[in-house]
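# Analysis of the macromolecular model
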Amino acid sequence: MNKKSLISLAAVVTLGFSLFGGTVGTVHAASDSNKISIVGSTALQPLAETVAHSYMSKNSGVNIDVQGGGSGTGLSQVQSGAVSIGNSDIFAEQQSGINAKKLQDHKVAVVGMAPVVNKSLKVNNLSMSQLQKIFTGKITNWKQIGGPNEKITVINRAKGSGTRATFESTVLKGKTAMKTQEQDSNGTVQKLVANTPGAISYLAFSYTKSDKIKALKVDNVAPTDKNVENNSWKIWSYEHMYTKGAAKGQTKKFLNYMNSKEVQSKDVKNLGYISIHDMKVTKNADGQVTKK
């Protein structure tokens, strides 16, 4: 190769390094900055997936991966730095093994949760006391509370589920849940209740819209958004997106988008959640509710 060719080759190499940031490592880092990994709550998963798809359509080159796994998984994964965002139905302070001081809380919606039964069951209302006795095994047949002579099949959520933590803190109030089958996801519970006469469980509002199950009133209060907004309906929680420390880069931009009027007034409501902007009350990690 002659001297002129060597100079030309050097120019090409120099230009290539200049265009791509000087090193291969820099290229890789730039690519990573456009990746957002989200893991955790299955109750929040439908909203996270919908908004992620919308955000990616508006921001070419950004890749967002959303997975379930439960609130406990979301919190542990974000704490370890394995994911960008950990989705949770509960405050980080409520999860054992989590150092909440190292995490940043981003409340993106509110989810109401309701006890659900098979559509064929002729029971429409329970008292909070009856609901507690069913899930602690004190009431085992629907005839004990005015229903048909049919065994109650309790389906609980798995340990680590934020939905379960919210339900137990509100309904069981420190009492121990009976031993029964446990399921990880809202979707699985919905199908089991729909296919099991006499079954009862609890679901996020967004999963109660089915012609094979029905949500029950509690103390004659209907599970509606408006009743959650003013705390007339007691079984609800925030949907949290936690980051390890302050959110940065695309993760911060995505979280700002989650809180935007566009998302809060459309996606949040269309998918059965309650906008964080519509709440008339606030709740802290200890469960204390105060008016805004």
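As shown above, the structure is provided for reference.
Below or above, wherever it landed, is the structure these notes cover. (Residues numbered from 1 in each chain as written. Predicted model: local features only at pLDDT ≥ 70, side-chain atom pairs only at ≥ 80, totals over all residues. Heavy atoms only, no water.)

### Here's the deal with the overall build of the chain
Here is the rule: Secondary structure follows DSSP: runs of H or I at least 4 residues long count as helices, runs of E at least 2 residues long count as strands, and numbering of each begins at the N terminus. Only protein chains enter the calculation, and the probe is 1.4 Å; a residue is then buried if its accessible area is under 20% of its type maximum, exposed if over 50%, and partly exposed in between. Throughout, a contact is declared for two residues whenever any of their heavy atoms are within 4.5 Å. Areas reported here follow the Shrake-Rupley algorithm with a probe of radius 1.4 Å; residue values treat only the protein chains shown as occluding.
Each helix and strand in the chain was counted, giving ten helices and 13 strands. When burial is assessed residue by residue, the chain has 46% of its 292 residues classed as buried. Long-range contacts, defined here as pairs at least 24 residues apart, represent 72% of the contacts in the chain between residues at least 6 apart. A total accessible area of about 14,600 Å² is found for the chain, and carbon and sulfur atoms account for 51% of it.

### Some thoughts on the packing of helix α3 (residues 45–58) against helix α9 (residues 249–258)
What counts, and what does not: For every element, the axis is a line fit to its C-alpha atoms; helices are fit only across the contacting stretch, and the angle between N-to-C directions ranges from 0 to 180 degrees. For classification purposes, an angle smaller than 35 degrees is called roughly parallel, one larger than 145 roughly antiparallel, one from 65 to 115 roughly perpendicular, and anything else oblique. Take the far helix as your reference; a near helix turned counterclockwise from it by less than a right angle gives a left-handed crossing, and one turned clockwise gives a right-handed crossing.
Axis separation between α3 and α9 bottoms out at 11 Å; the angle between their running directions is 115°. As the angle between them shows, α3 and α9 are arranged roughly perpendicular. Relative to α9, the crossing made by α3 is right-handed. Across the interface between the two elements, Leu 47, Val 51, Ala 52, Ser 54, Tyr 55 and Lys 58 from α3 touch Gln 250, Lys 253, Phe 254, Tyr 257 and Met 258 from α9.

### Brief notes about helix α5 (residues 128–135)
Counted only if it meets this: What the arc describes is the spread of directions from the helix axis to the C-beta atoms.
Within α5, burial applies to Met 128, Leu 131, Gln 132, Ile 134 and Phe 135. Here the buried residues of α5 occupy an arc of 160° about the axis, which is enough to place them on one side. Immediately beyond the C-terminal end of α5, within one or two residues, lies Gly 137, with a positive phi of roughly 85°.

### Focus: the side chain of Glu 229
Along the chain, the position of Glu 229 falls in helix α8 (residues 225–229). Given the relative accessible area of 11%, Glu 229 is considered buried. Those residues in contact with Glu 229 that lie beyond four places of it in its chain are Ile 274, Asp 278, Met 279, Lys 280 and Val 281.

### A few points about the packing of α3 against helix α10 (residues 261–270)
What counts, and what does not: Residue classes follow a fixed rule: Ala, Val, Leu, Ile, Met, Phe, Trp, Tyr, Cys and Pro count as nonpolar, while Asp, Glu, Lys and Arg count as charged, and any other residue, Gly among them, counts as polar.
Relative orientation of the contacting elements α3 and α10 amounts to 135°, with a least axis distance of 10 Å. Looking at the two axes, α3 sits oblique to α10. Crossing of α3 against α10: the hand is right-handed. Between α3, through Leu 47, Thr 50, Val 51 and Lys 58, and α10, the contact on the second element is made entirely by Glu 262, Val 263, Asp 267 and Val 268. Residue classes in the contact of α3 with α10 are distributed as four nonpolar, one polar and three charged.

Read these as layout, nothing more, since geometry by itself doesn't imply function.
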